[in-house]
Every structure is written in structure tokens, then in C-alpha cells.
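Results of the structural survey
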Amino acid sequence: MEIAKAYDPKEAEEHHYARWEASGCFAPEINENPDAEKFSIVIPPPNVTGTLHMGHALQHTLMDVLTRWKRMQGYKTLFLVGVDHAGISTQLMVTRQLKKDEHKAPQDIGREAFTEKVWEWKNKYGDVITRQIRKEGLSVDWTRERFTMEESLSTAVREVFVRLYEEGWIYRGTRIVNWCPKDKTVLSDLEVKEEKAKDGKLYYLTYPVKGTAEKLTVATTRPETMLGDTAVAVNPGDERYKHLIGKTILLPLTSREIPIIVDDYVESEFGTGAVKITPAHDPNDWEIGQRHNLEMLVVMNDDATMNEAAGPEFNGLDRYAAREKVIEEFEKLGLLEKIEDYDVTLPHCERCKTVIEPLLSEQWFAKMDEMRDQALKLLREENSPRFFPEVPHKKVYSMWLENLRDWTISRQLWWGHQIPAWYDKDGNIFVAHSKEEASAKAGTGDLIQDQDVLDTWFSSALWPFSTMGWGGSEPGAIATGFLDDEQKNPVAIAPGFDKTNDLQTFYPTDVLVTGRDIIRLWVSRMVMTGLKFTGEKPFDDVIIHGTVLDKNGQRMSKTKNNGIDPLEVFAKFGVDATRMTLAGSATGIDFAWRDEKVESYRNFANKIWNATRFCLMNSEGAKVDLQSLSRMSVPPAVAGGLSEPPATFSLADRWIISRLNKTAKAVDHALKTYQFHEAVQLLYHFFWDDFCDWYIEFVKDEIVGNADILVSENEIADKDVRVPVARARILTILEQAIRMLHPFMPFLTEELWQKLPGTSSLLHNAAYRSAEKTIMLADFPKCNEAMIDEAAESEMNAVIELITKVRNIRAEMNIKSGDKFTVHIAADRTFQQVFKANEPQILKLAKAEKLVISGKMDVPKASAKAVTANAEIAVPLEGLIDFDMERARLSAQIEKLDIELQRLHGQLSNANFVGKAPAEKVSELRDRHTEIEQQIKTLRINFYALI
RNA sequence: GCCGACUUAGCUCAGUGGUAGAGCACUCGCUUCACACGCGAUAGGCCACAAGUUCGAACCUUGUAGUCGGCACCA
């Protein structure tokens with residue numbers, strides 16, 4: 001069979017995904033083994049407004065590698081996919097569109113019509129990210145796709161809210177909150193980003209003390225808030241102000257009189273030692289206000305303009321205009337002491353970058369204390385979740401939990417889960433699962449539901465179990481199942497999908513893969529709610545991946561416009577090459593994006609393609625056959641025709657099979673410890689260096705059918721029998737390698753595997769025997785310890801070293817490629833045998849025409865020389881050799897070895913080393929010392945022979 | 001202010017208490033019948049700096065410098 005000369009990823013990417021999906025390979029139901037262990041992962045749901053970026057691609061690749069690997073091992077695998085409704089982002093997006101299309105604001109059309117619009121938008125544009133996920137090749141179960149706003153998940157949200165409320169963990173209260181004046185909503189601390197202000201100023205305002213000629217100076221970065229001052233505070237121990245305590249201030253620009261109070265919060269050394277107190281506009285001031293029973297005077301509206309309480313002159317002014325005006329007025333009054341430049345960091349809205357205004361506001365809060373304590377207990381007692389890498393994430397996680405504050409969970413938006421609380425005419429609150437239930441509680445149907453929605457992260461926090469049908473049953477009980485809102489989000493249910501079983505089967509999940517920025521926003525909250533509502537931790541392991549940076553090591557951002565679009569990279573180099581690049585960078589470490597890196601994996605993909613091409617071109621009469629890798633690989637009929645059981649394995653065969661098994665073992669270990677890059681390196685090295693560069697070259701003549709094959713000395717095998725055996729063997733080794741590569745390079749490997757003769761569902765893991773043939777379900781290769789052959793590895797290494805040294809002579813002596821020569825080899829009996837047995841390969845790969853193998857070197861002076869660990873090599877080059885050049889070559893080799901010899905000598909003559917180092921180490925170094933000494937000796941003899 | 005990470009070949013990065021590795025780039029040579037997205041052969045590093053622990057440190061400890069993060073505070 002012949003295939004194209006180069007790999008074209010596009011074709012494979014187009015064909016296989018749809019087929020996999022259609023044949024149910026992604027759904028756990030494909031697994032026929034009733035006793036199969038499960039493996040489950042939930043995707044961190046991307047925003048419905050999102051488009052794929054490199055961070056997703058990295059995260060998704062790691063999850064898919066794990067899932068495909070486990071699936072091939074016969075685990076009942078669920079990789080659950082879904083999308084987040086992304087409250088603010090989505091509302092902003094639809095608001096913008098509404099303005100553009102209909103020149104309307106949400107308020108113009110009302111809540112119901114607006115949310116209807118959002119659903120329309122979602123149904124029309126909300127699948128961008130999921131289509132992109134398909135392109136990535138993710139083996140997610142689309143039959144279980146979830147959306148945080150669908151009915152079943154909303155049920156879970158309401159259940160959690162009601163329970164927490166009833167237990168007293170959720171309350172409504174008036175606090176200073178982070179207010180975004182542009183989005184006009186409250187934000188949690190985690191949605192606020194501190195950023196340095198460009199030209200921060202500190203304003204010193206002077207306040208006259210009533211009944212004296214004295215004045216008191218306070219400093220502030222937000223002068224406009226002085227309109228809401230209700231006290232000035234000093235430290236109780238501050239001698240400067242002692243006599244003023246209890247007196248009052250005549251607050252300029254207002255007609256108000258405010259007290260001078262003492263509070264330990266004030267540091268005498270800082271600023272002027274006197275602090276203006278604005279309880280309604282600053283969190284610290286609010287606390288002081290609580291302690292001293294101060295008036296809370298709100299002087300701003302929700303759009304950060306000043307309100308009536310700020311006085312008629314300021315009413316309606318924007319906060320910055322008001323700031324200017326306050327300064328002007330103070331200046332006029334001679335009360336502005338000074339303005340200093342001041343480094344100040346200001347809170348910004350994560351979404352719209354507007355400066356946050358701390359504001360007194362009535363909101364819903366969740367007290368996390370009980371859940372926090374459970375999470376901390378889990379961490380301390382069971383070290384769960386385990387973070388990979390553990391440093392520094394474990395600490396970030398635990399420190400945040402330890403200092404956890406109440407969570408502001410309400411948002412002044414329309415898009416999201418509306419808070420299940422109803423108010424009667426008197427303002428009494430009834431929290432319930434539905435209006436009916438609330439009415440029953442209230443004894444009246446005349447109720448109005450709370451207008452706010454919940455923080456997007458509230459529903460995300462329930463993701464691992466709400467997606468699996470959790471409906472509010474008691475911890476540990478079987479899920480009650482869920483209902484889907486069919487009008488809005490119809491979900492196809494796979495045949496055999498038992499709605500009530502998912503939670504029981506797949507929860508808790510095995511591993512979570514996510515970025516470090518949401519450890520607190522999301523990971524911690526999943527742990528807390530998971531423990532409380534299911535009685536179990538939602539996952540054991542948390543892999544925190546690194547950040548993909550641009551090629552200059554900068555973070556990718558829209559403002560810098562330095563983002564790299566994964567889809568463009570897919571188009572240029574293929575999905576598989578991109579996945580290899582992402583999986584090939586060390587877990588948890590940031591790395592700069594380089595197209596060159598992808599290019600090298602693109603080349604690797606092509607290498608795999610061409611190695612397969614070669615095997616297919618020479619596959620007649622053979623097929624993939626696992627028996628061909630075991631010792632008794634010759635069919636009985638043939639074996640019967642020979643007098644002895646045949647030694648069918650050449651050195652190269654034993655070697656590559658040993659390497660294959662070692663690689664399987666190492667890959668398994670690497671993946672178990674989430675060292676994805678380690679697995680990538682192992683597979684790359686095995687395939688390219690071991691399999692292509694050496695094995696294929698060694699057996700090429702044999703499988704092409706050019707070579708006579710020696711069975712034993714003087715006995716040449718029957719080609720008709722031997723060639724197919726050799727072909728089956730190379731096909732099988734290739735097939736095993738491709739299987740191991742599949743989790744990383746799903747498209748290429750499927751494309752090739754389908755073409756290999758002899759592949760069928762019989763090669764599937766036992767759990768998938770009746771499924772349609774696909775490499776996705778092939779059994780993942782396991783190490784067979786019996787096939788690890790150290791003798792073969794060391795003998796093969798001797799042959800490789802020999803060939804390399806001869807090639808080196810050829811290159812350094814400038815011998816034309818067409819010129820053939822004789823190679824003399826001196827070695828001990830064992831290695832004489834080894835070299836003899838591999839003579840045809842050595843001749844071919846070293847481009848020599850004759851080998852002279854003996855126990856002692858005897859060649860003309862005009863020879864190029866080299867030594868290996870096991871042999872002395874000479875190539876007679878009468879007339880071609882330049883003695884000066886050869887001497888230089890030899891002395892360079894001697895010099896190199898001598899440096900090592902000196903170091904070894906130094907160590908071995910150190911009594912401390914010999915006395916204290918492990919005996920094994922000492923003898924290892926002694927052997928090495930002897931070996932190098934011998935090599936140097938040989939090289940020296942050769943060197944002096946040339947003088 | 002507190003905490004953390006990083007500093008290894010020209011570049012991007014692996015790595016280990018005892019011979020320093022890869023990919024790309026560079027140099028030289030190959031139209032070798034799977035692959036020039038290839039083959040072969042070189043070259044290139046006192047593993048940031050200093051001190052300590054150790055028989056032995058690039059690896060462990062401490063300090064210094066640079067780079068980058070996170071958190072807190074901000075009258």
C-alpha cells in the first residue's frame with residue numbers, strides 16, 4: 001500500500017472527529033465492562049461569550065490526553081463538557097448588540113424581553129466555543145453537554161441557596177461593597193483588580209474646629225467623599241490632638257457639624273495623624289462608624305454622580321467633577337493645605353476597567369465559615385486536593401481560605417440565576433425553591449421576587465455535581481435526576497444513559513485541570529460546596545497549568561494585541577502538532593510561545609507519517625500481530641521444519657522491543673504523575689531516534705526483501721517465510737508506538753492506524769470489543785518486564801557507537817560518500833560476535849565495504865583510529881590520510897577523555913570519598929576510570945605511531 | 001510591606017546530590033530507493049553571583065542581584 005508523501009493534517013482532522021462522535025466513542029456507555037473503574041473529568045466551563053485562546057488549548061489538551069489514555073486502558077471514561085452563562089460578559093455583549101440593532105437599552109424593553117434576547121443570542125452565537133472544542137479533538141461526551149443556566153443546574157442553584165439561607169449562612173445586609181458605576185452592579189473582591197493609578201494625588205484638607213481658632217488637617221485621595229464625612233478620628237494616644245477630643249468640626253462646604261473621635265485604627269505617624277471618616281464610602285471608615293455609632297451618609301448615586309445629600313452645588317456632578325470642585329472650593333476658603341503626588345493603587349472592574357467605588361449598599365452575602373472549615377480540614381488531614389505542582393498553589397489556596405471573608409453573591413444584572421427570595425408588601429423575605437413555595441410560606445401570593453441575580457461563580461461552584469444531575473438530595477444519597485428545560489436547551493440523551501446514575505458513577509471526579517487565576521474563584525468554592533452538599537470532595541488532584549506567553553515572554557492580552565489564535569496555529573501546523581507543543585511544556589510552568597516549537601512537532605508528525613509509509617510500502621504478506629513481538633513468533637508449521645527452535649530475534653529486534661517496553665513503562669509513570677512533557681519527550685525520542693534512525697535502518701534490507709537473512713552461521717533463511725515475519729514485527733512495533741502517541745496526536749494516529757493491515761476491534765481494550773474499529777479504544781500498551789533486555793541494549797549501544805565512530809572518521813577525514821573502505825575492529829570475543837552478527841548493517845550504515853574483526857589491531861600506519869567502550873577501530877586510508885590532521889583528531893579525543901580521567905582520579909584518590917560514598921558509586925567510578933584509561937592508552941599508542 | 005517563582009548552549013526550555021540534555025538556529029557533508037517537514041557529522045555551557053552544609057553542590061541552606069507573578073495596605 002502506498003500513501004501520500006507528506007502528512008496533510010486537514011484531511012484527518014475533518015474526518016475522524018465526526019465519526020468518533022457519531023459512533024459513541026466519547027460517551028462512557030461505549031464501555032461494555034460492567035466492572036470497569038471509572039475516570040471522570042469536568043471541563044472548566046468556558047464563557048458562552050468566549051472564543052478559544054491558547055490557555056484553553058493547553059488546558060483542554062492536558063485533560064484530553066488523560067481521558068484518552070485512561071479510556072484506552074479500559075476505564076469507563078467521562079469527560080464532561082459545558083459552558084458557563086458568564087453573567088456580566090454576556091449581558092454586556094447583548095446590551096451592546098441591542099443598542100446597535102435597535103438603539104435600545106435593556107431598561108427600554110424590560111427584564112423578560114431582555115433575558116429572552118439573551119437566550120436568542122445564546123442559541124445563535126453561543127456555540128462558537130463548542131465548535132472550537134470539536135476542532136481541538138477533545139473526546140468530550142456531547143450527549144451530556146451542560147449549560148449553567150439550564151433548568152437542571154438552576155434547580156441545583158436554588159436548592160443550595162435555600163439550604164444555605166435556612167441554615168443561616170446566607171443573609172441580606174448592608175455593607176460597603178465594590179460598586180462598578182458603569183455596570184451598575186456590585187462585585188466580589190475577586191472580580192476587582194488593583195491597578196496603579198498614573199497620577200495619584202494626596203490632598204490635604206483643613207477642617208476648622210468649632211469654638212477655637214484651631215484647625216485640623218486630614219489627607220485624602222478622594223476629596224469628594226468629604227461631603228459624606230461624619231467624623232474625624234485620631235489615635236487615642238496622640239498628644240497633639242488630646243485637647244480636641246470631644247470637640248467638633250465645622251465641616252466646610254456643608255452645614256454639618258461632626259465629632260472628633262478616637263480610634264486605634266488611626267496611626268499617629270501616618271499622614272497628619274487625623275483621618276476623615278466617611279462610613280458610607282470606605283470599608284475601614286464603615287467599621288469605625290459601626291464602633292462609634294456614626295451616621296452613614298451616602299452622598300453618591302449608583303452611577304458615581306453625587307446625590308442630593310452632597311448638597312445642591314454638587315448634586316448631579318460626576319465624582320471626578322465633584323473632586324475638582326471640592327478642591328476649588330477649599331482653595332477659595334484657604335483650607336487647601338497642599339496637594340502631593342502619591343502612588344496609589346485603585347480597584348478596577350475586572351470586566352470594564354472602570355474604577356470601583358466603595359459604596360454602602362444592601363446586598364446578599366454568603367458566610368463561608370462552616371464550609372471553609374471543612375475545606376481546611378480536608379487539606380490538613382488528607383492533603384486534598386493535591387495540587388500539581390504543589391508549590392506555590394497549596395499555600396495560595398490555604399492562605400486564602402484562612403482569611404476568607406463573606407462572599408457578596410448578589411449582582412444587579414438580569415442575566416443569571418435570579419435570587420429565589422420573595423418580598424411581601426411589608427418587606428418580609430421568603431426564600432424558597434419557587435414562588436408557589438414562597439406564597440405558601442407567606443400565606444399570600446402578593447409577592448415580588450428579588451430583582452438581583454447570583455454571582456456567576458455561585459453556579460460554577462456546583463459544577464462537578466450539578467452537571468451530573470444533583471438535585472438536592474441528602475449528602476451521599478443517589479441523585480434524584482434532573483429535568484431539562486426543553487424549550488431552551490434540549491439535550492439529547494444517549495441510549496442507555498441512566499439519568500439517575502451519573503452522580504453515583506462519576507462523582508467525585510478524578511482530576512481538575514485549570515489555571516492558577518481561578519484557584520480561589522472556583523477551585524476553593526467547588527471544594528467547599530462539594531463537601532457540604534454531596535458529602536464528598538469533588539476531585540482528588542488539581543493540575544494547575546502554566547500561562548502561555550507571547551514570544552517575548554509577555555502575557556497575551558487584547559490591549560497588547562499579542563494574542564496567538566490557536567485556530568491559526570491549527571491551520572498552519574495541524575492540531576496534533578499544536579497539542580504536542582502544549583503538552584510538551586513542563587506542567588505548571590509559564591512558557592513563551594514559539595512557532596518554531598510547533599514546527600518541530602509538525603515535522604515529527606510528518607516523520608511518523610513517513611515511517612508508516614515505509615512500513616506500508618513493504619507490508620505485503622504481513623499484518624499487525626502482537627505475537628510477532630513474543631519469542632515464539634514463527635508459525636508452528638514453519639518451526640516444525642527446522643531442527644531447532646528458531647532464534648527469530650535479531651539483536652535489533654530484541655533491542656527495539658526492549659526500548660518499546662521501557663518507553664511504555666516510563667510513559668505510564670510520567671502520565672501518572674502528570675509529567676506530560678516527560679511523556680512527550682519519551683515518545684518523541686523513542687519514535688524518532690530509536691525506531692526511525694536505528695531500527696528501521698537496521699531491518700530495512702530485510703523487510704524490503706533485499707537481504708539474505710542468517711538464521712545461524714551458514715544457514716540462510718527462506719525469504720518467503722522470514723520476510724513476512726520481519727514485516728509483521730515492524731508493523732506491530734509501529735502500531736504500538738502509534739497507540740502510545742494517540743492521546744497526544746489523536747488525528748494522525750487514527751489516520752495511520754486505520755491504514756495498518758491487521759488493525760481491528762480485536763486490538764481494542766477488552767471493554768470495547770464490539771465497538772467499531774478505532775485506535776481510540778485500542779488497548780494502551782503496557783510494559784512487559786520480561787521483554788526488557790539489558791544485554792540487547794548494551795550490545796546494540798556498542799554497535800551504534802561503532803557505526804557513529806566510523807561515520808565520524810568519514811566526515812572528519814573528508815572521505816567522499818561514494819568511497820568505500822575497510823573497517824578493522826579489535827574487540828573481545830563477546831563483542832567480536834556481536835559485530836559479526838550485525839556485519840551487514842554495520843557495512844551499510846557506516847558505508848564500509850569490508851569488516852575485519854579480530855582480537856588484536858594490526859593495520860598500516862596510514863589509518864584513521866578511534867576507540868569505543870568495547871572496541872578499537874581503524875580505517876586504513878593509504879594515500880588519503882593527512883597525518884597532521886589525524887594527530888589533531890587523536891589528541892582532541894585524548895584531551896577530552898583526559899579531563900574526565902583527571903576528575904575521576906581526583907575523586908578516587910580522595911580518602912573521604914572512598915570512605916564515605918556508597919560502595920556502589922565508588923566501584924562504578926573505578927570501572928569508568930579503568931575504561932577511560934584503556935581508551936586513552938590506545939589512542940596514545942596510535943598517536944605516537946604517527947610521529 | 002509580605003509571600004512566591006524564575007535565572008542552565010545564540011534562542012526557547014527540560015533535567016539530576018556523583019559523566020550537563022532537547023528542539024530550533026549555527027558550521028561541515030549528503031539528490032542514500034519512508035521522509036530535505038529529511039539523513040549524517042561537528043561546534044557551542046566554570047548550570048546568575050557569594051557564602052554555607054556535604055567525601056562531593058548546577059541540584060540542599062542562607063544571602064545578593066536581576067526578571068516576573070501573587071497578596072495586603074494605602075488617610
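What comes next is a walk through the structure. Note that this is a predicted model, so its numbers are computed, not measured.

1. Side note on unusual backbone geometry
With an omega of -5 degrees, the peptide bond between phenylalanine 388 and proline 389 qualifies as cis. Relative to the helices and strands, proline 389 resides in the loop between strand 16 (386-388) and helix 11 (390-402). Cis geometry is found at the peptide bond from valine 391 to proline 392, where omega equals 5 degrees. With phi around 50 degrees, asparagine 383 is a residue other than glycine that occupies positive phi space. With respect to the helices and strands, asparagine 383 occurs in the loop between helix 10 (369-382) and strand 16. With a phi close to 60 degrees, tyrosine 674 is a non-glycine residue in the positive phi region. Classification of tyrosine 674 by relative accessible area gives buried; the value is 9%.

2. Thoughts on the pattern of salt bridges
In this structure the tally under the stated criterion is 69 salt bridges. For glutamate 167, the salt bridge goes to lysine 532, with nearest N and O atoms at 2.6 Å. With glutamate 167 in the loop between helix 7 (151-166) and strand 4 (170-180) and lysine 532 in helix 16 (residues 519-534), this residue pair connects regions lying 365 residues apart in the sequence. Residue classification places lysine 532 among the buried positions, given a relative accessible area of 12%. Here lysine 572 and aspartate 595 are joined by a salt bridge, their closest N and O atoms 3.4 Å apart. Linking lysine 572 in helix 17 (residues 566-573) with aspartate 595 in helix 19 (residues 595-617), this pair joins segments that are 23 residues apart in sequence. Each member of the salt-bridge network shares a partner with another, and the members are Glu159, Arg163, Glu167, Glu370 and Lys532.

3. Quick word on the pairing of strand 31 (residues 863-867)
Counting buried positions over the five residues of strand 31 gives five, a clear majority of the element. Bridge analysis of strand 31 against strand 32 (residues 871-876) gives five bridges, and the strand direction is antiparallel. Along strand 32, the bridge assignment pairs serine 863 with proline 876. Linking two consecutive strands that pair antiparallel, namely strand 31 and strand 32, is a turn of three residues.

The rules behind the values
Residues numbered from 1 in each chain as written. Chains lettered and ligands numbered in written order. Predicted model: local features only at pLDDT ≥ 70, side-chain atom pairs only at ≥ 80, totals over all residues. Heavy atoms only, no water. Helix = DSSP H or I, 4+ residues; strand = E, 2+ residues; numbered from the N terminus. Buried < 20%, exposed > 50% of the residue type's maximum accessible area, 1.4 Å probe, protein only. Salt bridge = Lys/Arg side-chain N within 4 Å of Asp/Glu carboxyl O. Pairing = 2+ DSSP bridges.

These figures capture arrangement, not role.
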